Amino acid sequence: MKKIYLIMILFFATASGVFAQTANIVTLMLKAKSGEAEAQNDLGEAYYDGKGVTENLPEAVKWFTKAAEQENAKAQYNLGICYYYGYGVYQNYGEAEKWYTKAAEQGYAEAQNSLGYCYEFGEGVDKNLKEAVKWYTKAAEQGLRLAQCNLGKAYDEGKGVAKNDSEAMKWYLKAVKNNSPEAAYYYGDMLLNGNKQK
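As the structure is a computational prediction, the values presented were derived from the model and not from experiment. (Residues numbered from 1 in each chain as written. Predicted model: local features only at pLDDT ≥ 70, side-chain atom pairs only at ≥ 80, totals over all residues. Heavy atoms only, no water.)

*Asks:* Outline helix 5 (residues 93-105), listing residues and values.
*Replies:* The end-to-end C-alpha distance of helix 5 is 18 Å, a good match for the 18 Å that 13 residues give at a rise of 1.5 Å each. Taken together, the buried positions of helix 5 are Ala96, Glu97, Trp99, Tyr100, Thr101, Ala103 and Ala104. Looking at the buried residues of helix 5, the elements they touch are helix 3 (57-68), helix 4 (73-85), helix 6 (109-121) and helix 7 (129-141). Between a side-chain oxygen at the N-terminus of helix 5 and the backbone nitrogen of Gly94 the separation is 3.0 Å; the capping residue is Asn92. With its phi angle positive at about 90°, Gly107 sits one or two positions after the end of helix 5. (Helix = DSSP H or I, 4+ residues; strand = E, 2+ residues; numbered from the N terminus. Expected span 1.5 Å × (residues − 1). Buried < 20%, exposed > 50% of the residue type's maximum accessible area, 1.4 Å probe, protein only. Contact = heavy atoms within 4.5 Å. Polar contact = N/O pair within 3.5 Å; in protein donor to acceptor, adjacent residues only side chain to side chain.)

Structure (structure tokens):
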């Protein structure tokens, strides 16, 4: 008898969770369709990740675009990711750079780092290491560990800035403190090779 009650409890708990998730998606869809940019981005993320709806990358792009056109920085970044990797659209580095730039100019750290990457490797823009460092710096100063590591690497290798071991170690260490295994490797390598933070 206890097993039957347990099964019934599990069934109703699962059913109520599914109902709540469905209700959240319906509410999100209504808000998105009414033009709320944040809801449009959130709905795009739901389609992108397949959370509460079936994964549908073209539908994600549709909603990211609607929000991005309303100056939603997170949606602009998400749309840039879609164009960069070709998720739900044809891959287009130029379009990715365009949307990364819009988000980066609003101070969105992930977009700033991605834009730095575009400049570092000449994807969608002409290669420009100084411009890459500029965007890595903006993102790194906001605490984004990937940008901190990228900036450390720029100083370590003298790409876009004068080689500066002390600055490299400073940025690697900040990234290490933000749990970056890649930065820990580079920081450790510098220590093993006799470089010390000044």
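Following the structure, the description resumes.
*Asks:* Account for the packing of aromatic side chains, with residues named and values stated.
*Replies:* This structure, assessed with the given rule, holds 11 aromatic pairs. Put simply, the rings of Tyr48, Phe64, Tyr77, Tyr84, Tyr85, Tyr87, Tyr93, Tyr100 and Tyr108 pair up and form one aromatic cluster. Across from the ring centre of Trp135, 5.6 Å away, lies the NZ or CZ of Lys138, which sits over that ring. (Phe/Tyr/Trp six-rings, centres within 6.5 Å; stacked < 30°, edge-to-face > 60°. Lys NZ or Arg CZ within 6 Å of the ring centre and 35° of its normal.)

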